[in-house]
Amino acid sequence: MLKYLDIFLENSFILFNGTALILALFHYPKYFDTPLKYYPILLMYTFLNETLGYLIQLDVKFNPVFTSAFADNNIIFYNIYNLIYTLYFIFIYWHFSKSKNNKKILVISTYFYLLISVYNILVQDFTIRAQVFSYLTGCIIIIYCAIIYLKENRGIIRKKIAKQSLLYWMSIGFLIFFIGYFPIKIYYTLSSFENTELFLHVRRFHLTLICLKYCCISYGFIQLKGKLKI
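Residues numbered from 1 in each chain as written. Predicted model: local features only at pLDDT ≥ 70, side-chain atom pairs only at ≥ 80, totals over all residues. Heavy atoms only, no water.

K.L.:
Any chance you could break down helix H8 (residues 165-190) for me, citing the residues and the numbers?
P.N.:
Look at H8: 38 Å from first C-alpha to last across 26 residues, which is about the 38 Å you get at 1.5 Å a residue. The largest bend along H8 reaches roughly 35° and is located at Phe182, with the proline Pro183 sitting one to four residues downstream. (Helix = DSSP H or I, 4+ residues; strand = E, 2+ residues; numbered from the N terminus. Expected span 1.5 Å × (residues − 1). Bend = angle between axes of the 7 residues up to and from the residue.)

Written as structure tokens, this is what we have:
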């Protein structure tokens, strides 16, 4: 039973990311004039990035990096992706924030994140090492952004303001994923993976978090009625 569950979870990004992408494109006219208009591109980039990583694990010939030293390593693609993803959503939350104070905090957070990212590059090779300090800092910032947005818009669900529900449900998905994945990232970084059974349990939980995140995002698109209200 667990074998089939693992097969499903390991390939679930195709289903859940693909569903979110289709819904994002279908509802595009409702938010094309907001900063979220670039989100389908990010979803497509996510899909291609995950697919490339999966293919490289199967066969190093799929790696577009030209130097043979990095032929079996796909970390650089995830490092680039994480930088783009974090900076984009800090910008999104800055744009949709109603508080000038929160906007200032997000600007400061952006500079702090970039500073940590530069430091991380200096202490860990960007091409072959996961940028742990940068990623964890980004996690904390996105969690903060999501909490603040939900707090500022806590009446959306109760009042059924469908025009604002997209980022609301996306924020719930981000909270579920990043809060759950934060300790997992530390485990992946520090563990030697000698305990195979523990690793499998952690991996299943990790992949389940991804599924839940995309379910929330997809539901947000489904609930989006009329043009997204800024």
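K.L.:
Outline the nonpolar core, supporting the account with residue identities and numerical values.
P.N.:
Counting 54 residues, the largest nonpolar core has Leu36, Tyr39, Phe89, Tyr93, Met170, Phe174 and Phe178 as the members making the most contacts within it. Secondary structure elements with two or more residues in this core: helix H2 (12-26), helix H3 (39-58), helix H4 (75-96), helix H5 (100-123), helix H6 (132-152), H8 and helix H9 (196-223). Sort the elements by how many residues they give to this core and H8 lands first, with twelve residues. Beyond its immediate stretch of four places on either side in the chain, Phe89 contacts Tyr39, Leu42, Ile142, Met170 and Phe174. (Core = buried A, V, L, I, M, F, W, Y, C linked by side-chain atoms within 4.5 Å. Buried < 20%, exposed > 50% of the residue type's maximum accessible area, 1.4 Å probe, protein only. Contact = heavy atoms within 4.5 Å.)

K.L.:
Can you lay out the confidence of the model for the protein for me, pointing to particular residues and giving the numbers?
P.N.:
Within the protein, residue pLDDT values average 85, and 86% of them lie at 70 or more. Overall, residues 65-72 carries pLDDT values under 50, and its contacts beyond four positions in sequence, including any with other chains, amount to twelve contacts. (pLDDT = per-residue confidence, 0-100.)

K.L.:
I'd love a proper account of the side chain of Asn120, names of residues and values included.
P.N.:
As for its placement among the helices and strands, Asn120 is situated in helix H5. If sequence neighbours within four positions are ignored, Asn120 has contacts with Gln131, Val132, Phe133 and Ser134.

K.L.:
Quick one: what's the story with the environment of Met170, residue by residue and with numbers?
P.N.:
Summarising the element assignment, Met170 is placed in helix H8. The exposure class of Met170 is buried, given its relative accessible area of 0%. Residues Met170 and Cys215, spaced 45 residues apart in sequence, show a C-alpha to C-alpha distance of 9.2 Å. In this structure, Met170 is in contact with Leu36, Tyr39, Phe89 and Ile217, ignoring residues within four places of it in sequence.

K.L.:
Account for empty space enclosed by the protein, with residues named and values stated.
P.N.:
Here the idea is plain: a probe the size of a water molecule rolls over the atoms and shows the empty space left. A complete count under the given rule lists two cavities of 30 Å³ or more for this structure. Counted as a void, the largest cavity has a volume near 70 Å³. The wall of the largest cavity is formed by Asn79, Asn82, Leu83, Tyr113, Ser117, Ile121, Phe126, Gln131, Ser134 and Tyr135. Counting residues per element, the ones that place at least two in the lining of the largest cavity are H4, H5 and H6. Its residues assigned to classes, the lining of the largest cavity comprises five nonpolar, five polar and no charged. Looking at the second largest cavity, its volume works out to about 60 Å³. Lining the second largest cavity are Tyr93, Ser97, Asn102, Leu106, Tyr144, Cys145, Ile148, Tyr149 and Glu152. Broken down by secondary-structure element, the contributors of at least two residues to the lining of the second largest cavity are H5 and H6. Considering each element in turn, the lining of the second largest cavity owes the most residues, five residues, to H6. Taken together, the residues that form the lining of the second largest cavity break down as six nonpolar, two polar and one charged. (1 Å grid on protein atoms, 1.4 Å probe; cavity = no way out; pocket = protein on both sides within 12 Å on 5 of 7 lines; lining within 4 Å. Points joined across faces, edges and corners; volume = space filled by probe spheres on them. Nonpolar A, V, L, I, M, F, W, Y, C, P; charged D, E, K, R; others polar.)

K.L.:
Which residues make up the state of the cysteines, and what are the values?
P.N.:
Scanning the entire structure with this criterion turns up zero disulfides. Sulfur of Cys215: no disulfide; nearest cysteine sulfur belongs to Cys211 and is 6.6 Å away. Residue classification places Cys215 among the partly exposed positions, given a relative accessible area of 37%. (Disulfide = S-S within 2.5 Å.)

K.L.:
Report on the packing of H6 against H8, specifying residues and quantitative values.
P.N.:
Interhelical geometry of H6 versus H8 gives an angle of 150° and a closest axis separation of 9 Å. Between H6 and H8, the interaxial angle falls into the category roughly antiparallel. Read as a crossing pair, H6 and H8 show a hand that is left-handed. (Axes fitted to C-alpha atoms, helices over the stretch in contact; angles between N-to-C directions. Parallel < 35°, antiparallel > 145°, perpendicular 65-115°, else oblique. Left-handed = near helix turned anticlockwise from the far one by under 90°.)

K.L.:
Report on the packing of H4 against H8, specifying residues and quantitative values.
P.N.:
Angle between the axes and distance between the axes: these two values describe a pair of packed helices. Direction vectors running N to C along H4 and H8 enclose 140°, while the axes themselves pass 13 Å from each other. Viewed along their axes, H4 and H8 adopt a mutual orientation that is oblique. Where H4 crosses over H8, the handedness of that crossing is left-handed. Counted together, Tyr85, Phe89, Ile92, Tyr93 and Phe96 of H4 and Leu167, Met170, Ser171, Phe174 and Phe178 of H8 form the full contact between these two elements. Of the residues contributing to the contact of H4 with H8, the split by class is nine nonpolar, one polar and no charged.

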